[in-house]
Amino acid sequence: MILDERLEFADAESVTGGTGTSLVGDVVDLETARNIGVETSLYLVISVDGAVDSAGNGAAIEFALVSDAAEAISTDGSATEHASTGAIAQADLAAGSQFSLAVPQGLTNAYEQYLGVLATISGEAVTAGTVNAFLTPHPSANTIYPEGQN
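Residues numbered from 1 in each chain as written. Predicted model: local features only at pLDDT ≥ 70, side-chain atom pairs only at ≥ 80, totals over all residues. Heavy atoms only, no water.

### Here we look at the overall build of the protein
Stated formally: We count a stretch as a helix when DSSP gives it H or I for four or more residues in a row; a strand needs E for two or more, and each element gets its number in order from the N terminus. Note on classification: 1.4 Å probe, protein chains only; a residue is buried when its accessible area is under 20% of the maximum for its type, exposed when over 50%, partly exposed between these limits. By definition in these notes, contact holds between two residues if any of their heavy atoms fall within 4.5 Å. Every accessible area reported is derived by Shrake-Rupley at a probe size of 1.4 Å, with residue values counting cover from the shown protein chains alone.
Regarding its fold elements, the protein presents zero helices and nine strands. Secondary structure elements of the protein occur, N-terminal to C-terminal, as β-β-β-β-β-β-β-β-β. Of all 150 residues assigned to the protein, the portion counted as buried reaches 37%. Within the protein, residue pairs in contact and separated by at least 24 positions form 83% of the contacts whose partners lie at least 6 positions apart. Looking at the protein as shown, the accessible area adds up to about 7,900 Å², and 46% of this sits on carbon and sulfur atoms.

Written out as structure tokens, the structure is:
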């Protein structure tokens, strides 16, 4: 998998917090509102670096690729959403888990100047967990298994 540092939103970024929506890591400045991924398909990759945990194991997190006209991307629902993982249960957010989404080319939903990833926590507060988030034209398709598995 190829990783461009300028297309990285989060590197072992904490996703702890109460229920609600927050920005994960940094934003990518597209310099102007425009279409992305036209000549080469892009993928948003979310990989879990440190397992997500909560007090009662009832948390879920939804990750969304969004864009906004302001660098401080809005978390109130007014940012333009381009792709979403849907709610992912805590049990599926173990260390090493990875989720890839094809980035839409923006033909009907144009990208605004700033691109970022929002995490929406539901169910209960998340007490531990870190993620990596980035764009890449070549997501990893291999599955990592525990040692000693055949």
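### Thoughts on the sheet that holds strand 7 (residues 98–102)
What counts here: DSSP bridges decide pairing: two strands pair if at least two such bridges lie between them. Helix axes use the C-alpha atoms of the stretch in contact, all axes being lines fitted to C-alpha atoms, and the angles between their N-to-C directions lie in the range 0 to 180 degrees.
Taken together, the four strands give an open sheet; going across it, the order is 1-9-4-7, and neighbouring strands pair in antiparallel fashion. The open sheet has two free edges, formed respectively by strand 1 (8–14) and strand 7, since each of these has just one partner strand. The average angle at which neighbouring strand axes cross in this sheet is 15°, direction not considered. Of the strand pairs in this sheet, strand 1 and strand 9 (residues 128–136) are connected by four bridges, and their pairing is antiparallel. When the sheet's bridge partners are listed, glutamate 8 is paired in strand 9 with phenylalanine 134.

### Observations regarding the nonpolar core
For clarity, the cut-off: Here, the term nonpolar core denotes a set of buried Ala, Val, Leu, Ile, Met, Phe, Trp, Tyr and Cys residues that are joined through side-chain atoms within 4.5 Å.
Within the largest apolar cluster, 30 residues are counted, with the highest numbers of intra-cluster contacts made by Phe9, Leu44, Ile61, Phe63, Val103, Leu115 and Val117. Looking at this core, the elements with two or more residues in it are strand 1, strand 4 (43–53), strand 5 (60–68), strand 6 (80–89), strand 8 (114–122) and strand 9. For leucine 115, the contacting residues outside a window of four places in its chain are Phe9, Val27, Val28, Leu30, Ile36, Leu65, Val66, Ser67, Ile73 and Leu135. Counting six residues, the second largest nonpolar core, distinct from the first, contains Ala64, Val66, Ile73 and Leu118.

### What to know about the side chain of serine 54
For the record, the criterion: Whenever a nitrogen or oxygen atom comes within 3.5 Å of another N or O atom, the pair is scored as a polar contact, on the condition that within protein one atom can donate a hydrogen and the other can accept it, and that pairs from neighbouring residues in sequence are kept only if both atoms are in side chains.
Examined against the element boundaries, serine 54 turns out to sit in the loop between strand 4 and strand 5. For serine 54, the side chain forms a polar contact with the main-chain nitrogen of glycine 58, separated by 3.4 Å. Here glutamate 124 takes part through its side chain, which lies 2.7 Å from a polar atom of the side chain of serine 54.

### Some thoughts on the side chain of serine 67
Relative to the helices and strands, serine 67 is located in strand 5. There is a polar contact of 2.7 Å between the side chain of serine 67 and the side chain of histidine 82. Within the structure, the side chain of serine 67 is placed 3.0 Å from the backbone nitrogen of glutamate 112, a separation counted as a polar contact. When residues no more than four places from it in sequence are discounted, the contact partners of serine 67 are Ala79, Thr80, His82, Ala110, Tyr111, Glu112, Tyr114 and Leu115.

### Observations regarding a negative patch on the surface
The criterion, for reference: Patch membership requires more than 30% relative accessible area and the absence of a salt bridge. Residues of like charge join within 9 Å; the nonpolar side chains Val, Leu, Ile, Met, Phe, Trp and Tyr join within 5 Å. The term salt bridge refers to a pairing of a side-chain nitrogen on Lys or Arg with a carboxyl oxygen on Asp or Glu at a separation within 4 Å. When charges are counted, neither His nor the chain ends are considered; positive counts come from Lys and Arg and negative counts from Asp and Glu. In plain terms, the charge of a residue is placed at NZ if it is Lys, CZ if Arg, CG if Asp and CD if Glu.
Side chains of Glu5, Asp11, Glu13, Asp26 and Asp49 sit close together on the surface and give a patch of like negative charge. Here aspartate 49 is to be found in strand 4.

### Brief notes about unusual backbone geometry
Generally, phi is negative for residues other than glycine and the peptide bonds are trans, each holding for most cases. A positive phi angle, near 55°, is found at alanine 12, a position not held by glycine. Mapped onto the elements of the fold, alanine 12 is located in strand 1. Positive phi, close to 75°, is recorded for glutamate 31, a residue that is not glycine. Relative to the helices and strands, glutamate 31 is located in the loop between strand 3 (28–29) and strand 4.

### Let's talk about the environment of alanine 64
Along the chain, the position of alanine 64 falls in strand 5. On the basis of relative accessibility, which here comes to 7%, the residue alanine 64 falls in the buried class. As a C-alpha pair, alanine 64 and glutamate 81 span 17 residues in sequence and 6.7 Å in three-dimensional space. Not counting residues up to four positions away in its chain, the partners in contact with alanine 64 are Glu81, Ala83, Ser84, Gly116, Val117 and Leu118.

No statement about biological role is implied by the geometric values presented.
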